Amino acid sequence: QYRVLWIESRPLWVVAALGVSVPIVAAATALSLALEGDAFAAAAIGASLVLGDIRYRARRKIVAALWGTEALTKNQFYWRVERWLRPLWWSFHALCIFSALGSRHIRWAGVDYTVRGPQDIEVERVPPPKEKV
């Protein structure tokens, strides 16, 4: 998806890149400064954790309102992961976004696309795998 954005809508790609890069850079900077004893950086990390918890609880309330509390109890593992591994998701998206730079090849549903520009696309169908006899 980020490759498509890079090719079709560079301004939207830039917004996506900033959206994941700024929190990562800010967190890394704050952590580095906090480890050096900067009280403001430590307070910023604390505020970020509080805001993240507010976001987490709001998302749970939305799910409960839409699908009932059983949707929460059925997905206990997801909610534990959602709460504590958010930096991992940000890093994954950052990797995906920046790997789109210069990328011109997309494989989607068994079809290969080489994109030279918005209107210059070469389409090649991948032959199905041969059956083993």
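An account of the accompanying structure is given in this report. (Residues numbered from 1 in each chain as written. Predicted model: local features only at pLDDT ≥ 70, side-chain atom pairs only at ≥ 80, totals over all residues. Heavy atoms only, no water.)

**So, the overall build of the protein chain**
Within the protein chain, the regular secondary structure consists of six helices and three strands. Secondary structure elements of the protein chain, listed N to C terminal, follow the sequence α-α-α-α-α-α-β-β-β. In terms of overall size, the protein chain is more extended than a compact globule, its C-alpha atoms giving a radius of gyration of 21 Å where 133 residues would be expected to give roughly 14 Å. Relative to its full complement of 133 residues, the protein chain shows a buried share of 22%. Once local pairs closer than 6 in sequence are excluded, the contacts in the protein chain between residues at least 24 apart make up 45%. (Helix = DSSP H or I, 4+ residues; strand = E, 2+ residues; numbered from the N terminus. Rg over C-alpha atoms; globule rule 2.2 N^0.38 Å. Buried < 20%, exposed > 50% of the residue type's maximum accessible area, 1.4 Å probe, protein only. Contact = heavy atoms within 4.5 Å.)

**Regarding helix α5 (residues 76-84)**
Taken residue by residue, α5 has W79, V81 and E82 as its buried positions. Buried positions in α5, seen along its axis, are confined to an arc of 165° and lie on one side of it. The exposed residues of α5 that point more than 90 degrees off its buried face are F77, R80 and W84. Of the surrounding elements, those touching the buried residues of α5 are α3 (39-67), α4 (69-74) and α6 (86-99). (Arc of directions from axis to C-beta.)

**A word on the pairing of strand β1 (residues 105-108)**
Note that β1 and strand β2 (residues 111-117) share four bridges and pair antiparallel. Each residue of the ladder has a partner; that of W108, found in β2, is V111. Between the end of β1 and the start of β2, which pair antiparallel, lie two residues, with A109 showing a positive phi angle near 55°. (Pairing = 2+ DSSP bridges.)

**Topic: the environment of A41**
By secondary structure assignment, the location of A41 is in helix α3. Residues A41 and G117, 76 residues apart in the sequence, show an inter-C-alpha distance of 44 Å. The residues touching A41, leaving out its near neighbours within four places in the chain, are A30, L33 and A34.

**Let's talk about the pairing of strand β3 (residues 120-125)**
Here six bridges tie β2 to β3, and the two strands are oriented antiparallel to one another. Looking at the pairing, D112 lines up with E124 of β3. The antiparallel hairpin formed by β2 and β3 contains two residues in its connecting segment.

**A short note on the environment of D38**
Here D38 is to be found in the loop between α2 (10-35) and α3. We classify D38 as partly exposed; its relative accessible area is 30%. At a separation of 2.9 Å, a polar atom in the side chain of D38 contacts the main-chain amide nitrogen of F40. (Polar contact = N/O pair within 3.5 Å; in protein donor to acceptor, adjacent residues only side chain to side chain.)

**Section: α6**
An α-helical turn contains 3.6 residues, so any two residues separated by three or four positions project in the same direction. Taking 1.5 Å of rise per residue, the 14 residues of α6 would be expected to cover 20 Å, and the 20 Å separating its terminal C-alpha atoms lies within 8% of that figure. Buried within α6 we find R86, A94 and I97. With its buried residues spanning 75° around the axis, α6 presents them on a single face. Residues of α6 that are buried sit in contact with α1 (2-8), α2, α3 and α5. (Expected span 1.5 Å × (residues − 1).)

**A word on the sheet that holds β1**
Strand pairs in the sheet, formed through backbone hydrogen bonds, run parallel or antiparallel to each other. One open sheet accounts for three strands, arranged β1-β2-β3; its pairing is antiparallel. Edge strands, defined here as strands with exactly one partner in the open sheet, are β1 and β3. Strand-to-strand twist in this sheet, taken as the mean axis angle between neighbours without regard to direction, amounts to 20°. (Axes fitted to C-alpha atoms, helices over the stretch in contact; angles between N-to-C directions.)

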